[in-house]
Amino acid sequence: MKIMIAYDGSRNARLALAQTITMFRDLKPVITLVAVAENPRDITSGNEDMFQQEVADLKKHLAEAMEVCSQEQISAANMLLEGDPRKMLLFAAEKKIHPDMLVLARHSHEPDGGFIARSLTYFVDELDYMTFGSVSSFLARRIQCPLLILPSR
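Below is a short write-up of the structure. Being a predicted model, the structure only gives us computed values, none of them experimental.

## A few points about unusual backbone geometry
Moving on, step 1. For Lys-28, which is not a glycine, the phi torsion comes out positive at approximately 50 degrees.
Moving on, step 2. Tracing the chain through its elements places Lys-28 in the loop between α1 (11–24) and β2 (30–37).
Moving on, step 3. Judged by relative accessible area, which is 65%, Lys-28 ranks as exposed.
Moving on, step 4. With a phi angle near 60 degrees, Gln-73 is a residue other than glycine that sits in the positive phi range.
Moving on, step 5. Topologically, Gln-73 is positioned in the loop between α2 (45–71) and β3 (75–82).
Moving on, step 6. We classify Gln-73 as exposed; its relative accessible area is 74%.

The following block contains the structure:
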């Protein structure tokens, strides 16, 4: 079974990797971890520095995830792409990997503050969804393989 996991090194992505290994271990999965570095909207030296730092961080996160797979005796590969995460994950799934399943961790924007912080976060999340849509909703409408969206805990 070929499983593609959208992986950014976040707590939720690490949980999704662990849950995927637990759920599908008996099927001897081949996991491909795909990370996407988002290109800056304008070319300035500050943006380029931030982009290069993001790429370095993603490479480190992918290496750590590969080590987890190795320790769990799970076959794994990784891929680092650049661009819009929604479009690049769709491209990777449909043109490169052809997985039997795509696994995503639900993105969490849990605020640390009280009512005002929660209200502002909710408003920003709704505005973002109305304007751009989330990665999971974008892929749910377009992906041609089964999609597993794992909740955060």
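Now, onward.
## Details of the sheet that holds strand β1 (residues 2–6)
Moving on, step 1. Spatially, five strands are ordered β3-β2-β1-β4-β5 in an open sheet, and the strand pairing comes out parallel. Since the sheet does not close on itself, it has two edges, and those belong to β3 and β5 (147–150), each with one partner. In this sheet, neighbouring strand axes are inclined to one another by 20 degrees on average, regardless of whether the strands run parallel or antiparallel.
Moving on, step 2. As paired elements, strand β4 (residues 101–105) and β5 share four bridges and run parallel to each other. When the bridges of β5 are listed, Leu-102 appears paired with Leu-147.
Moving on, step 3. Contacting β1, β2, β3 and β4, helix α3 (residues 85–97) crosses the sheet at an angle of about 145 degrees to β2.

Reading the values: rules and limits
The numbers attached to residues start from 1 for each chain and follow its sequence in the written order. Under the rules for a predicted model, residues below a pLDDT of 70 receive no local features and side-chain atom pairs below 80 are neither given nor counted, while totals for whole chains, interfaces and linings still include all residues. Values shown for side chains rest on all heavy atoms present in the structure; no hydrogens or waters enter the calculation. Put simply, DSSP marks the helices as runs of H or I at least four residues long and the strands as runs of E at least two long, and each gets a number from the N terminus on. Accessibility here uses a 1.4 Å probe with only protein chains present; expressed as a share of the type maximum, an area under 20% marks a residue as buried, one over 50% as exposed, and anything in between as partly exposed. If DSSP finds at least two bridges between two strands, the strands pair. Inter-axis angles, ranging from 0 to 180 degrees, are taken between N-to-C directions of lines fitted to C-alpha atoms, where helices are fitted over the stretch in contact. Any two residues whose heavy atoms approach within 4.5 Å at even a single point are treated as in contact.

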